Amino acid sequence: MVPVVTVFTPTFNRAYTLHLCYESLKRQTSKKFVWLIIDDGSTDDTAELVQQWILDGVVKIQYHYQNNQGMHGAHNTAYELINTELNVCIDSDDYMADNAIELIVGYWGKYGNDKYAGIVGLDAAPNGNMIGTKLPNHIKASKISELYARHKITGDKKLVYRSELTRKCPPYPIFAGEKYCPLSYKYLLIDQECPLLIMNEILCHVEYLADGSSMNIINQYKRNPKGFLHFRKVAMRFAPTYKDRLRESIHYVSSNLMINNYKFLMESSYKWTTLLATPFGILLYFYILNTNRKTVLKNN
């Protein structure tokens, strides 16, 4: 059976939770997929665990080990290795709905073509409750940025992309001493090519673990200012509304201050907006430096 979808999972010392994804892939009602594991320098028993799963022969698995580059570096490697028509990232602390591959393959087979970047579906908590809001039913497709800005959806969604587009887009930048660049960088670039088909079906179950990126985003701002700055420049350029551009400009100012670049106004492509954002960006900079909070997420 020829795989249609690559499920790729970047992982770093997550042997204690990676089995949840494996078990969900064993339960898939369609086997038209391959699981690509990008081991980003793990020092636990991830390699031994995966080798046993490969020997079990229940799920088609590709395993790739690399020196630690961070989440975005693992994504870069995955996009280089993927050779199926579609791909979807399932993080090492998440797992797929049992019928996710069947839903993806069926929906894409019915509606998919080169006019669309892929499919956007729903995420749910482990208890089955949908994260955020449903996708709009009155439209067939949308850019992911416009779903949030114009249609006011909330919560993380699961993105399934055409591999041709993820290969075509520039890779995430790797900055010395940094381990993170927002994954939305690439999604924004793909947004400029074509929209995503909307599918109001749960594809993935998500758990925000204490050691995960989402739960430590403020520390990420501190540790990876160049990666965030790179993303903010792109986000300012492609902001769907002025409110979004102003928000990204505030973060742009903050990230520049973190690298002691005080020429940010002259370097900005949106000088008036950046000037307006500067006082707020300064306040954000001091807030990030001094807060004891780790995340902006609200825990229920």
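What you see is a predicted model, and the numbers here were worked out from it, not measured in a lab.

The rules behind the values
- Residues numbered from 1 in each chain as written.
- Predicted model: local features only at pLDDT ≥ 70, side-chain atom pairs only at ≥ 80, totals over all residues.
- Heavy atoms only, no water.
- Phe/Tyr/Trp six-rings, centres within 6.5 Å; stacked < 30°, edge-to-face > 60°.
- Helix = DSSP H or I, 4+ residues; strand = E, 2+ residues; numbered from the N terminus.
- Buried < 20%, exposed > 50% of the residue type's maximum accessible area, 1.4 Å probe, protein only.
- Lys NZ or Arg CZ within 6 Å of the ring centre and 35° of its normal.
- Core = buried A, V, L, I, M, F, W, Y, C linked by side-chain atoms within 4.5 Å.
- Contact = heavy atoms within 4.5 Å.
- Axes fitted to C-alpha atoms, helices over the stretch in contact; angles between N-to-C directions.
- Parallel < 35°, antiparallel > 145°, perpendicular 65-115°, else oblique.
- Left-handed = near helix turned anticlockwise from the far one by under 90°.
- Nonpolar A, V, L, I, M, F, W, Y, C, P; charged D, E, K, R; others polar.
- Pairing = 2+ DSSP bridges.
- Right-handed = clockwise from strand over helix to strand, strands pointing away.
- Disulfide = S-S within 2.5 Å.
- Salt bridge = Lys/Arg side-chain N within 4 Å of Asp/Glu carboxyl O.

A. Quick look at the packing of aromatic side chains. Per the stated rule, a full pass over the model turns up eleven aromatic pairs. Geometrically, the ring pair formed by Y107 and Y111 is tilted, given 4.8 Å between the ring centres and 55° between the ring planes. Remark: Y111 and Y107 occur in helix α4 (residues 100–111); sequence separation between them is four residues, near one turn of the helix. Relative accessible area serves as the criterion here: at 21%, Y107 is assigned to the partly exposed category. Note on Y111: relative accessible area 28%, which makes it partly exposed. Through a chain of ring-to-ring contacts, the aromatic side chains of Y22, W35 and W53 assemble into a single cluster. Above the face of the Y172 ring, K186 is positioned so that its terminal group lies 5.8 Å from the ring centre. Positioned over the ring face of Y270 is R245, at 4.2 Å from the centre of the ring.

B. Examining the nonpolar core more closely. Counting 34 residues, the largest nonpolar core has V120 and Y187 as the members making the most contacts within it. Ranked by the residues each element gives to this core, the list is headed by helix α7 (residues 184–191), at five residues. Apart from residues lying up to four places away in sequence, V120 is in contact with L135, I144, L147, K157, K158, L159, L196, L197, I198 and M199.

C. A look at the packing of helix α10 (residues 242–258) against helix α12 (residues 271–290). Direction vectors running N to C along α10 and α12 enclose 55°, while the axes themselves pass 7 Å from each other. In terms of orientation, α10 and α12 fall into the oblique class. As α10 runs across α12, the sense of the crossing is right-handed. On the side of α10, the interface is formed by Y242, R245, L246, S249, I250, H251, Y252, V253, S254, L257 and M258, while α12 contributes T273, T274, L276, A277, T278, F280, G281, I282, L284, Y285 and I288. Grouping the constituent residues of the contact of α10 with α12 by class yields 14 nonpolar, seven polar and one charged.

D. Structural context of the pairing of strand β3 (residues 61–65). Taken together, the five bridges between strand β2 (residues 33–39) and β3 define a ladder with parallel strand orientation. Bridged to W35 within β3 is I61. On the question of chirality, the crossover connecting β2 to the parallel β3 by way of helix α2 (residues 46–56) is right-handed.

E. Quick look at the state of the cysteines. Counted according to the given criterion, the structure contains zero disulfides. We note that C181 lacks a disulfide partner, and the nearest cysteine sulfur, in C169, lies 13 Å from it. C194 forms no disulfide, and the closest cysteine sulfur to it belongs to C169, at a distance of 9.4 Å. With relative accessibility at 9%, the residue C194 sits in the buried group.

F. Fine view of the pattern of salt bridges. In this structure the tally under the stated criterion is nine salt bridges. E193 is paired through a salt bridge with K168; the nearest N and O atoms lie 3.3 Å apart. With a gap of 25 residues between them, E193 in the loop between α7 and β9 (196–205) and K168 in helix α6 (residues 163–168) connect regions that are remote in the sequence. On the accessibility criterion, E193 (44% relative accessible area) is partly exposed. Several salt bridges share partner residues, and in doing so they unite R232, D244, R247 and E248 into one network.

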